[in-house]
Every structure is written in C-alpha cells, then in structure tokens.
Amino acid sequence: MQNKGLVKLFALLFGLVSIYQLSFTFKANQVEEEAKQFAQSKFQDVDEINEAEIRYLDSISSQEVFDIGIANFTFKEVKEKSMNLGLDLKGGLNVILEISVKDILKGLSNNSKDPAFNKALADAEEIQKDAQESYLESFYQAWDAIKGDQKLASPDIFANRNLDDVININMTDDEVKKEIEQKVDESIVSAFEVLRKRIDQFGVTSPNIQRLGNTGRVLVELPGVKDVKRATELITTTAQLQFWDVAKPQTLGAFFADANETLKDVLGVEEKEEAIEAQDSTSTDSTIDDLLGETSTDSTSLGQVNPIFDLIDAPRSGGMLGIKLENKDKFQSYLDMPQVRANLPADARNVKFAFGLPTADEETGIEYVDLYALKGNRDNEPELSGAVVTDARQSYSNTNKPSVTMQMNAKGAKKWEEITGRAFTNKSQIAIVLDDIVYSAPTASNGAISGGNTEISGNFTVNEAIDLANVLRAGKLPASADIVQADQVGPSLGKEAIESGTKSFLIALTLVLIWMVLYYGKAGIFADIALLLNILLIFGVLSGLGAVLTLPGLAGIVLTIGMSVDANVLIFERVREELTKGKGMKEAVKDGFANALSSILDANITTGLTALILFVFGTGPIKGFATTLLIGIVTSLFTAIFITRLLVDWYVNKNKTLDFSTAITKGLFKNMNIKFIAKRKVAYVISGILILVSLGSLFTNKLDQGIDFVGGRTYQVRFDQAVSSEAVATDLNAVFGSAEVKTIGAANQLKISTKYKVNENSAEADEEVQTMLFEGLKSYLPADITYTEFSEATNGVGKVLSSKVSPTIADDIKKESFWAVLGSLVVVFLYILFRFKRWQFSTGAVVAVFHDVIIVLGIFSLLYKFMPFSMEIDQAFIAAILTVIGYSLNDTVVVFDRIREVIAERSGFKGGKNINSAINSTLSRTLNTSLTTLVVLLAMFIFGADSLRGLLFALIVGVIVGTYSSVFIATPIMYDTLKDKGEAPQEEA
C-alpha cells in the first residue's frame, strides 16, 4: 500500500479530533450530573428539583468548567460542542406545526365577509382531508368551482386597502394568485422566524427548528424539555396583543337589566312561586347597584329566575362583573345573542365583551373570571396593537409580583400617551388583551404616560411572565399554528432507552469482537482494532457535525458494525483464496485487498444510496438513522480498506505469518460444490408459496397500520402493576367510542391508540383527550395519583410517551414512504445496470428485493396480533424496509461481483457452472456476514428498548430472507433471463 505515512497521519488526526469532540460530551454529562445531585439535595418535589437544576446550570453558564491545557471552556461552550441526544434518548418534545394558510388568506382579505370567498375557504378544508396538495391549491380549486362571474381582485376580497400596492381590480385571477402565493409564503417565513426567536429564548439545549420544504409546516424539536405544556403553549399561541378602552360599569347597568328581561322571553323562564313581597328588595337593590351601578329597572323583576343576574358575582380583578369560570361559556353565549345585543345603548353598539384570567376565591377555592366591556368600533379593532412593542422583559410590580414591562416604538408611544391621557381624564381603565384574554386593566391614575413604557401585571407565575415577555419580544404569529404531528417522550423513558441502548450496543460489540478472533485468529484482532477506531470516528463525526443521536441512530451504528465486519470478511476471504493458490504472504495480502475492493465499494454504495434516500425523505429519528448509517459507511470504508491494511502489512512485513483462520475454521467452506442453479426450481416453489401466503394475509388480515399512516393519538402508559389489555380496552372504548390497547414489553405497560377527535389539532383538543384518558384509566392507577403526576410519569407511573399524527399529515407520510421505497429501487436498479452492464443483473436484484419486501410484510401481517411487541407499520418500519433493501442488495452485489469476475476469467456462464462456482466461493463470506449481523441484531432485540423491537424484528427477518434471496432468487432470475447461457460441460449445472 502506497502512502502509508499519510494514512497513519490521517488516522492519528481523525482519532485525536474524535476524542477531542467527545471529551466535551463527557464533561457536559459530568457537570449536569453534579447539577442534578445538587438539586436533589435541596428539594424533594420533582418540579422544584427540575427548576433548581436549571437555575444551577444557568448560574455556571459563563463559568470556565473545562481545562484541556491549551484552552479553557465555559459550560455554555462545552454544551454547544457536546453530542446532541435525540428525543427518544433524552426525552422531550418533537412536533410538526402547520401554519394556518386559511388564517393568512382571511387576513390578506381584511377578514372579508364575501359569501363565495368564505365558502371557498370552508370547501378547501373539506378537500384537504383527502388531498395531497397544499391548502392554497385546494382553495383555488374550491374558488374556481363556485366563483361564477366574481374575481379574486374584488374590493370585497383581495383588492382591498391592505393589498392596494400589489393588487388592483383590473387583475385576472391568475395574476392575483401569483401575488397571493408570494404573500402567503412571506407570512409563513414570518411565522417561522417568530417561532425560531421564541424557541431560542426558551432556554432549551440544542433546539432544532426547520421549515419542511416549501410547505406551511415547521418541525420543532425540543430534546430535554421538562415542562411540555409550557413549551406547547409557547409555540402555538398567536400572541395577538391589543390595548382597548374599557367602558365604565355604570354605562351598561341598564343593558344587563334589559338583557335579563329579554332572556326570560327567549328562554321561556317561568316566575318563581314565592311572592315578591317575601324578598328583601332593599338588599337585592344594594347588591345589583354594587355590581352594575344605578339602574332604572324595577327591582321587582328580580323575584323571577334571572338568566343574567343568577350567574353574576362581585368582580375579583377590577372588572365589571364576576362570573364563575364554569359559567363563562354560557354567559358568553347569552351576550352573543342578537336579541340581547339589541339592548345595548346607541353609544355602545360596538362594545366587545372579554373575560380576564381565572382567580380562585381564597375561602371556597372556586375560580372566577371578570367580565370587561371593551369600547369597540365599526371594524372591531383596537386603537393600538402589539405590533408597536419593540422590547419586553419579565419584571416585578410594585407589590413584588411577576409582571412584564414593555417598550413601544415612537408611533406607539405617541398613541399610548393619547390613550392613557384620555383614561386619566375619564377616570376609566385600559385593558391589556392578549389572545382575547384581559391580562390586566389598569387606570392611568398619574396622568398620561409618555415614552411608550408600560407594564402588564396579572396573576402570573415567574415562568408565565418570562414566556409572555419572550412572545411579545419575538412577535406574534401571522396565523394560528396547529400541531399536526407530535411525539413526547418522558425523561424516564429516555434514560431507560440510553441504558438499554448502551447495554445492547456493548453486548453486540463484544460478541462481534470475540467472533472475529475465533474465526480469523490474529487477523481478527487487527479487524477488531479497525472496528473500534471506526466506532470512535462515528461518534466523533456525529459530535463534530452537531448531528442528533437518536435510538434508531444507535441502531444504525450497530448495523454499521455488521457492515464494517462485512468489509473485513470480504478482504480476509479473498486473502485466504490467494494463499490457497500458493501465493506468498505479502503477495496474497496485496491481491486479496485489491480483489475485494470492487465488492466492498459496490456493496457500500448500494447501501449508501438507500440511506441517502432515507435521509432525504425521512424526518426526526428516521433521519437520525440514515445520518449514522451514512457516516458509518464512510468510516467503515476508511478503517477496513486503510487501517486493517496498515496493521496487516505492519505484521507481515516483520516476516510473520498470518493464517487468516484458526484451527477450527481452517478449511471451512473449502471445496464447496453445491449446484445452486440446478436447485433453483425448488427455490422458486418455496418462494412462490411464501409470497402467496404473504399476499393472502396482506389482503385478508391486512397490516397493523400505526398512526403515522392513519392518523390518531397514541399513548404509552406504565402502571404500578400488571394490567389486562382487554379490560382496559373495554373501559376506554366507553370513553372514546373506539380505542386500541396493546401490551408493550412488560405486563404493566400498555400502548393505547385512539382516533377520538382525530381531525382537531388544537392544544385544547390534545389536553381534552389526555384528560379523558386519565379519567378512563383511574381505576388502574394508584388512588392518590394526580393528573399532573400521570402526565409527567412521576415515580415511573403514568404516560411515558405520546404521539399524534393528523390524517392530513398521515397521507403525506404514506406518500413519502412510497416514494422512498420506489426511489431506492430505481436508483439501485440504475446503479447495478451501470456497474454490471447487463439488465439481467439489475432485474435479478430488483426482483429479489420485491421478494424480500413482500415476505417481510407478509410475516408482519401474519404475526402482529400474536407478538408481545408492537408490529405497527410506521415510519420506523419504513426505515427497516429500506435497510432490508440495502442489505439484500449488499449481499446480491457481492455475489454478482464474484459471478462477473468468474465468467470473465472462465469465458462465459458455461450453462450455470461458473455461477455455481462463484456462489460457492462467496458462501463463507455470505454466511459469516449474515451470522455476524444477526448476532448484532439479536443482541439489540433481546436487550434493547421496547420501542425498537418492531424495527429490529423486521431487520432480523430481512437479513435471513435477504441472504436467501441473493443466492436463490436474484442469481437464478438473472440466469433465466439470459439469452446465451452457454453450455455446461458434461454435467448439469
């Protein structure tokens, strides 16, 4: 081998850089463990421990914690350079948000009331349920179907004052569509930036936010986040901040009395049986006066059931009225009735009613909300909006309660001075409203406020005030953001995943290292050294690139071990062949490495192409799997081709002998003469039966499609004792109407799936479904467990994982999965055609792949009802299928490569005899690599995480079937499609 010095230099540099990169991970883990121990020594409550841990780490963020001799690093720098752990290893939240294009279109139309426009918006939502196109395209389709003679450039739609600089009434629909597409895209970009700023300020380590293509979808990954509810609210709230003048209670006293009378007629309320004289009218008059101010209504009417007055109470936070929180929606529905609003005085026709934040009564604990009457206008818009806010910070009020201080721009400051001056003169309030909730309604008791500085006070916690300040500083979303896909993993499950993943990894690695020494002797030791360096490089590259290590990513690394071994096996088997031919040691090593190179490159390139397609089409953990696989392929090639060669040459050049075998394995598989081509019809029959059974099951028994493909919500719940999945399913069916319950791993762990409210993506709907789940499972949980403890799986009992996929995104996942599988097949077909120059080779390889995929699908269809682990068809399964394709092609390419070599040396196929000879010569490599890979996969399957067992089972089946098909399907198909098979001398092939 030439340039050995250069190889040594690169190996040394790569190794040192990898150790350098990984040292930050070890140091970060050490510091975080110290923070955790400190927090646990101070507090007992889980929330307090988490907050103390965060405060500890924040306090040392800028302190130097790592000294490597030539440089010092602060904890913040150490954390930035350490390896990023994914959601499934660290716990946290992974969501895909969909920015509402419908909201954007309504905003661009200036909230048009045009009937055709609004019908098109509604119709587009219906089209979207079964469509693969964007919402905007569905809207155009719906509009074209109903528009008649109307145009999008109507003054009532898009030719309004907001868009007069780009759209005029003379433009055609096609011209308007181009402008609207650009405006929608600008709004989505704006939303993305708002989300990015909010997340950057949230304080999560290594957050990831990215827009998915040109869609309105945004991927947000928050590994390690502990307060999931808080994080969800932060990224979904639109944060529409407004400032309103508040009407005085006295001005609407008569309105409420008149509204009360109107509702009696509307609701048909009967008079009470008690006589009016029996009541203390003086007391009643006093109460009403306190709540509403003086009224002119006859108080005797209060002797009846009063729809309005029976719901009201004294205000708690400076509002007009107090209402029990449980009656809020009912009271709002009364106020929204046209018959009721008709009672508003002429100067208050445009009043807008809003409620404040809930406040609990100190004595009873009952929660109340205050009602405010906001002075509206014809457009129902405030005088001042949050767009004028330039800065916002969490602070404390005069009463030392958490609050938010804001700074406005010059235009806002001027308007704010005018509003506060008017409030001072009129002795009225100014309501600070965020997303239609009145956070506070202060008075300008000291006169007009100049300079644009103001404060929002309310019943905040410190975290709520911090989040509100972050949202105001980052800006408001131009449209609502719904969670269409979500994965939440509890920290306890993440910790278990790390422990089980590490355990399975070490067991698999140990078995492989031992096997290589047992099979190849001293040469196996050199392969082991190269393998260990390979693993070091993989982790070093992952850390250096800032890539995220996920549980499937760990599976990809373990699979890389098998591929690395495969490269060494190919080399060693070829060296053994050269030694058998009587060549000297140095010459045999040289020729063995040279002859194996072609097979190694072809096998790794086909697997790499599959991994690349997986990387392009996959998201989240699946992309992590593809990332580690791609890195592993590169590092495996480097270590197998160069490092193993370096070590072997070093040993041989000392005039020492390497047998590349042991006493047990010497001569194993030597002089094999199995007539594979002659037995191909038997293989066709066996495969035909397997395929027919698989197809029959796929059509009748079907597959267990996960929520990735059908939509819905899934929860993994852990109990403190074994539970019956059938009993739980019966109870949850009564709650949700339909629920699927499976035991996952141990008998105290269930996977629960439901399609209840599957089309609702709001955070409120998610919370409602989870609350219903908790209520439905109460009889199986500890008696004293609270909803919060259940949600966070405190003490290991409760929800440890949850996932949600909306039907719309499920359709997209199906589509992407189909194109991923089809794309990999097309790319590999073309590559094999390019490499082997015969379409018969490509055809044989692709037929074998189809054979493997159908059988794997068939086995999953046959067994999913009986296996004690999840066999759902989801994105992880698609990763497994693509890996099976890659592995099957890897095997097939190695066989084909040897066939090509043999027929070139021996002048043709000779009726299949040369094919038999080629397969027999690769049999040792085929079985050795397959057994090694199976050992790795079995170790992971037995000792690894429950969440990976379905994926690993698919890989185990795929390795077995793929090994079989490369010999008994791909090669025979290639042979049978040949026109010129040559003639077998004397005996049948």
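Everything here concerns the structure above.
Residues numbered from 1 in each chain as written. Predicted model: local features only at pLDDT ≥ 70, side-chain atom pairs only at ≥ 80, totals over all residues. Heavy atoms only, no water.

Taken together, Glu64, Asp67, Glu77 and Glu80 make up a surface patch of like negative charges. Breaking the negative patch down by element, the ones donating at least two residues are β1 (64–67) and α3 (75–81). Looking at the secondary structure, you find glutamate 80 in helix α3. (Patch = residues over 30% accessible without salt bridge, like charges linked within 9 Å, V, L, I, M, F, W, Y side chains within 5 Å. Areas by Shrake-Rupley, 256 points an atom, 1.4 Å probe, with all protein chains shown as cover. Salt bridge = Lys/Arg side-chain N within 4 Å of Asp/Glu carboxyl O. Lys, Arg positive; Asp, Glu negative; His and termini not counted. Charge placed at Lys NZ, Arg CZ, Asp CG, Glu CD. Helix = DSSP H or I, 4+ residues; strand = E, 2+ residues; numbered from the N terminus.)

With that settled, consider empty space enclosed by the protein. Evaluation of the coordinates by the stated rule reveals 4 cavities of 30 Å³ or more. Taken as a whole, the largest cavity holds about 170 Å³ of empty space. Taken together, 20 residues make up the lining of the largest cavity; nearest its centre are Leu559, Met563, Thr607, Thr883 and Tyr887. Among the elements that take part in the lining of the largest cavity, helix α28 (residues 875–905) stands out by supplying 7 residues, more than any other. Its residues assigned to classes, the lining of the largest cavity comprises 11 nonpolar, 8 polar and 1 charged. (1 Å grid on protein atoms, 1.4 Å probe; cavity = no way out; pocket = protein on both sides within 12 Å on 5 of 7 lines; lining within 4 Å. Points joined across faces, edges and corners; volume = space filled by probe spheres on them. Nonpolar A, V, L, I, M, F, W, Y, C, P; charged D, E, K, R; others polar.)

The next thing to look at is the packing of aromatic side chains. This model, assessed by the stated rule, comprises 29 aromatic pairs. Considering the side-chain rings of phenylalanine 139 and tyrosine 140, the 5.9 Å spacing of their centres and the 50 degrees angle between planes classify their relative orientation as tilted. Take phenylalanine 139 and tyrosine 140: they sit in the same class, and that class is buried. With a centroid separation of 5.2 Å and an interplanar angle of 55 degrees, the aromatic rings of phenylalanine 572 and phenylalanine 660 are classed as tilted. In this pair, phenylalanine 572 is assigned in helix α18 (residues 551–580) and phenylalanine 660 in the loop between α20 (621–652) and α21 (680–700), connecting sequence segments 88 residues apart. The class for phenylalanine 572 is buried, based on a relative accessible area of 0%. On the basis of relative accessible area, phenylalanine 660 is assigned to the buried category, the value being 1%. Among the aromatic side chains, those forming a connected cluster through ring pairs are Trp515, Tyr519, Tyr520, Phe572 and Phe660. (Phe/Tyr/Trp six-rings, centres within 6.5 Å; stacked < 30°, edge-to-face > 60°. Buried < 20%, exposed > 50% of the residue type's maximum accessible area, 1.4 Å probe, protein only.)

As a further point, take helix α7 (residues 135–146). With 12 residues, α7 ought to run about 16 Å at 1.5 Å a step, and its terminal C-alpha atoms sit 17 Å apart, in line with that. In the segment just after α7, glycine 148 is the residue with positive phi, at about 65 degrees. (Expected span 1.5 Å × (residues − 1).)

Take threonine 606: it is sitting in helix α19 (residues 585–617). Judged by its relative accessible area of 0%, threonine 606 falls in the buried class. In this structure, the C-alpha to C-alpha distance between threonine 606 and valine 893, residues 287 residues apart in sequence, is 8.3 Å. The residues touching threonine 606, leaving out its near neighbours within four places in the chain, are Val828, Tyr831, Leu889, Asn890 and Val893. (Contact = heavy atoms within 4.5 Å.)

Now for the nonpolar core. Grouped together as the largest cluster of nonpolar side chains are 125 residues, with contacts concentrated most on Phe539, Leu658, Phe660, Ile885 and Ile899. Per-element tally for this core: the top contributor is α28, with 17 residues. Beyond its immediate sequence surroundings of up to four residues, phenylalanine 539 is in contact with Leu22, Met83, Phe505, Leu549, Leu554 and Ile557. Grouped together as the second largest cluster of nonpolar side chains are 47 residues, Leu93, Leu97, Phe117 and Phe158 included. (Core = buried A, V, L, I, M, F, W, Y, C linked by side-chain atoms within 4.5 Å.)

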